[in-house]
Amino acid sequence: MSGRDQTGVLLEHLFRREAGRIVAHLTRLLGPAHLDLAEEAVQESMLRALRTWPYQGVPEQAAAWLCRVAHNAAIDSVRRNRLAVEKADAALAELTRSACATPGDLDFEEQLRDDELRVIFMCSHPEVAPDARAALSLKIAGGFSVREIARAFLTNEATVAQRLVRAKAQIRDGRFTLEMPLGRELRDRLDSVLEVIYLVFNEGYAVHEGAGLIRRELCFEALRLGQLVAASSIATPRVHALVALMALQAARLAARVDEAGDVVLLDSQNRNRWDGKLIALGFRHFDQSIAGDDVSEYHVQAAIAAAHARAAGAESTDWPLILQLYDQLLGMSGSPVVALNRAVAVAKVRGPAEGLAAIEAIQGDPKLRHYHLLLATRGHLLMELDRRREAVECFRASLECRCSEPERRFLRRKLEECEASQALPAVGAVRPHEVRWPSHPYRKEQSMELGAFSISLAVKDIEASRRFYEKFGFKVFTGDASQNWLILKNGDHAIGLFQGMFEKNILTFNPGWDSNAGKLASFTDVRDLQRQLKAQGVQLQQEADESTTGPASFVAVDPDGNPILVDQHV
Amino acid sequence: MAQFMLLLHDNPSAWRELSPEEMQKAIEKYTAWMKKPFNLDGKRLAEDAGRVIRSQGGKVRATDGPYSETKEVLGGFYLIEAGNYDEAIERTLDHPHLEYGGTIEVRQVHGS
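Residues numbered from 1 in each chain as written. Chains lettered and ligands numbered in written order. Predicted model: local features only at pLDDT ≥ 70, side-chain atom pairs only at ≥ 80, totals over all residues. Heavy atoms only, no water.

Before going further, it helps to spend a moment on the overall build of chain B. If you tally the helices and strands in chain B, you get 4 helices and 6 strands. Total accessible area on chain B is roughly 6600 Å²; 52% of this is exposed by carbon and sulfur atoms. Where the 14 positive side-chain charges of chain B centre and where its 18 negative ones centre are 7 Å apart. (Helix = DSSP H or I, 4+ residues; strand = E, 2+ residues; numbered from the N terminus. Areas by Shrake-Rupley, 256 points an atom, 1.4 Å probe, with all protein chains shown as cover. Lys, Arg positive; Asp, Glu negative; His and termini not counted. Charge placed at Lys NZ, Arg CZ, Asp CG, Glu CD.)

Right, dumping it as structure tokens:
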């Protein structure tokens, strides 16, 4: 690789990537005890580029240029610190030989990858404090600066710097080597490397404001490190599972926030904005991950991400499968956060009441006590169950918890929606279904999606009625006045005018239709609605033939004699 | 069209604060500026203090350059075209060097 294109524009992140690779390489040649020398040499080469390229342009072999200058800087510093560097002569000979190699040369590229892998494994050495491993990996192998790491992890530079200093001292004093561990030790080390990569990814994936860009880059760095391990000879199916998981989730990064930086939930995301290349990469690794018998948490999480990625739209998501996977994941990890996610799947499959019950079972967990997402999920389900007052309380409480600004805006929006719907005139009077439905078995098991709603008025003079309702902003949507019927619409509201066709005004539901008579992707069939109503003892005036499919209708009558027409046209 | 010399004085310690990613961003800004059509030439000066030759009392003497004591050093120059000083300055105002804390001295080439 030359490091630039034909017009002299540098490849994206070239400096960061090269910094990681060259530091890793020089660390092997100088020995891990002299990590600082390796880092200084690389900084020197980049500073030199910064001083000269603005005047003479980017050299054609930009990457090779950086590599060579870093080698020369390392040679100079070994000469200067000859006494401090162990086996200085041998190191010098190695450096001189390596300085002649060209990046891009296949053997040398292979060598660089191998060095980087060894350095990553060293960064996750069991003697390095767990909280320092990610920072160390990002600093050495990732080419991130202390400031960038601090920004990405939402912490201060001093904390990161201290962790790094301690970790480097451990590397020096513990006489760490870049030898790969063997056998069981290798397996354990690989696990902690994967943990570090996963941690970096999650840190980048969390929704935060301001530091957005750098956090996205954390995700892609984690993905890159994962791919590096996956491409090596020590890769196991578990490694592929982690890469699949990261790629499939990273594919959704762009769709997760809108132009205003506000949170967009999975259900409402524009799936065209999902990154097809990353999804393809994810599925490739997913296929490789199922090669053996190993089923790790990464496997199950990847399978969940894959289930979402496979769905063409939110409504075609295979929630029963996802619930099954969450059951499995919960059995493996016991994490309360997994339990919360499982509750969401429960709600999707078995209805909001059961989802709520699943949340109630875990909300006492101390780890979730001040977790805004638990309260937000609970509020959402309560709202679905029309328990608005409790939902309002939930969203209010969630706003008291620690969360990021975009999430706060999202929760505030939900709270407002909730309060607004509470302010409808019907509030105060207890609506019958509020009492009955949640306790009824069908409410849990089956949905009652009634589709578009309109009221059909029996009118004396269709023209007079039309003129009257036009004053309310309604316009003719369809129908034929000469045949004595018209459908008027104002936004989503529809009123049907019928002259001389029936005696009483009719409440009309059109299962399968949206408010514009467009077909819905999923709906409850008119015959299922009929069965559910009959099972609840509702008397029907006219029934649909349950042996048919497609268009059909039935009529029920409410206690005041108002007819309700459920008319399916699709 | 007259020619103007842009003398870029650097503050080398400021560069040390940058991460590799930030250094790359800086280079990209500089090289993009460098490609502007009115930019005729540019050269980087070697990173030393240079020498100054003076004649004192009939004796010629070379000493270390003027920058050994100061933080800012003359790092390089560009030669640009502009109608007059105002235009030269206008064309230089968006130079990234200023964003990175450097100083630019603008001098018209005599007779151009």
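Right, let's talk about the overall build of chain A for a bit. When helices and strands are tallied, chain A shows 23 helices and 8 strands. What you see for chain A is a C-alpha radius of gyration of 32 Å, clearly larger than the 25 Å of a compact globule of 570 residues, by over 25%. If one aligns the C-alpha atoms of chain A with their principal axes, the spans along those axes are about 105 × 50 × 45 Å. Across the 570 residues in chain A, those meeting the buried criterion constitute 49%. Pairs at least 24 residues apart make up 61% of the contacts formed inside chain A by residues separated by at least 6 positions. Summed over all atoms, the accessible surface of chain A reaches about 27600 Å², with 51% contributed by carbon and sulfur. Chain A carries 69 positive and 76 negative side-chain charges, and their two centres are separated by 3 Å. (Rg over C-alpha atoms; globule rule 2.2 N^0.38 Å. Buried < 20%, exposed > 50% of the residue type's maximum accessible area, 1.4 Å probe, protein only. Contact = heavy atoms within 4.5 Å.)

For the rest of this paragraph, the subject is the environment of Glu503 of chain A. All names here are of chain A. Within the fold, Glu503 resides in the loop between β4 (493-499) and β5 (506-510). On the accessibility criterion, Glu503 (79% relative accessible area) is exposed. Sequence spacing of Glu503 and Val160 is 343 residues, and the spatial spacing of their C-alpha atoms is 78 Å.

What follows deals with the sheet that holds strand β1 (residues 2-10) of chain B. Residue and element names in this part refer to chain B. Ordered in space as β2-β5-β1-β6, the 4 strands form an open sheet in which the pairing is antiparallel. Whereas interior strands pair on both sides, the edge strands pair on one side only; in this sheet they are β2 (39-44) and β6 (103-108). Sheet twist, expressed as the average angle between the axes of neighbouring strands with direction ignored, equals 20°. In the packing of helix α2 (residues 20-34) onto the sheet, the strands contacted are β1, β2 and β5 (73-82), and the crossing angle to β5 comes to about 35°. Sheet strands in contact with helix α3 (residues 85-92) are β1, β5 and β6, and its direction is about 120° off that of β5. (Pairing = 2+ DSSP bridges. Axes fitted to C-alpha atoms, helices over the stretch in contact; angles between N-to-C directions.)

Contact with chain A, which involves 28 residues of that partner, is made by 26 residues of chain B. Where chain A abuts chain B, roughly 2400 Å² becomes buried across the two surfaces, and 58% of that area is made up of carbon and sulfur atoms. It is Leu50, Arg51 and Tyr55 of chain A in chain A that bury the most area against chain B; as a group they hold 35% of the surface buried on that side. In this structure, the connection of chain A to chain B is made through 3 salt bridges. On inspection of chain A and its partner chain B, the count reaches 8 residue pairs in polar contact (both at pLDDT 80 or more). For the side of chain A that touches chain B, the elements supplying multiple residues, two or more each, are α1 (14-30), α2 (35-56) and α7 (146-152) of chain A. (Buried area = accessible area lost by both parts, 1.4 Å probe. Salt bridge = Lys/Arg side-chain N within 4 Å of Asp/Glu carboxyl O. Polar contact = N/O pair within 3.5 Å; in protein donor to acceptor, adjacent residues only side chain to side chain.)

With that settled, the discussion passes to the pairing of β4 of chain A. Residue and element names in this part refer to chain A. Counted residue by residue, β4 has 5 buried out of 7 residues, so it is predominantly covered. Both strand β1 (residues 452-459) and β4 contribute to a ladder of 5 bridges, which runs parallel. Opposite Val459, over in β4, you have Gln499 as the bridge partner. Of the pairings in the sheet, the one linking strand β3 (residues 485-490) to β4 comprises 6 bridges and is antiparallel in character. Residue Leu488 lies in a different strand from β4, and its bridge partner there is Ile495.

Mapped onto the secondary structure, Arg51 of chain A falls in helix α2. Ignoring sequence-local partners within four residues, the contact set of Arg51 of chain A consists of Glu44 of chain A together with Arg44 and Glu47 of chain B.

The next thing to look at is the nonpolar core. Grouped together as the largest cluster of nonpolar side chains are 139 residues, with contacts concentrated most on Phe15, Leu26, Trp53 and Leu66 of chain A together with Tyr78 of chain B. The next biggest cluster of nonpolar side chains, apart from the first, holds 28 residues, and it includes Ile359, Ala376, Cys403 and Phe410 of chain A. (Core = buried A, V, L, I, M, F, W, Y, C linked by side-chain atoms within 4.5 Å.)

The geometry of a pair of packed helices is captured by two quantities: the angle between their axes and the separation between those axes. Residue and element names in this part refer to chain A. Two numbers describe how helix α14 (residues 319-333) lies on helix α15 (residues 336-350): the axes approach to 9 Å, and their chain directions differ by 155°. The orientation of α14 relative to α15 falls into the category roughly antiparallel. Here α14 and α15 pass one another in a crossing that is left-handed. Here Trp319, Pro320, Ile322, Leu323, Tyr326, Asp327, Leu329, Leu330 and Ser333 of α14 come into contact with α15, specifically with Val338, Ala339, Asn341, Arg342, Ala345, Val346, Lys348, Val349 and Arg350. (Parallel < 35°, antiparallel > 145°, perpendicular 65-115°, else oblique. Left-handed = near helix turned anticlockwise from the far one by under 90°.)

Attention shifts here to the packing of helix α13 (residues 297-310) of chain A against α14 of chain A. Residue and element names in this part refer to chain A. Between α13 and α14, whose axes approach to 9 Å, the crossing angle comes to 165°. Put simply, α13 runs roughly antiparallel to α14. The handedness of the crossing between α13 and α14 is left-handed. Every residue of α14 that contacts α13 at Glu297, Val300, Gln301, Ala303, Ile304, Ala307, His308 and Arg310 is listed here: Trp319, Leu321, Ile322, Leu325, Tyr326, Gln328, Leu329, Met332 and Ser333. Grouping the constituent residues of the contact of α13 with α14 by class yields 11 nonpolar, 4 polar and 2 charged. (Nonpolar A, V, L, I, M, F, W, Y, C, P; charged D, E, K, R; others polar.)

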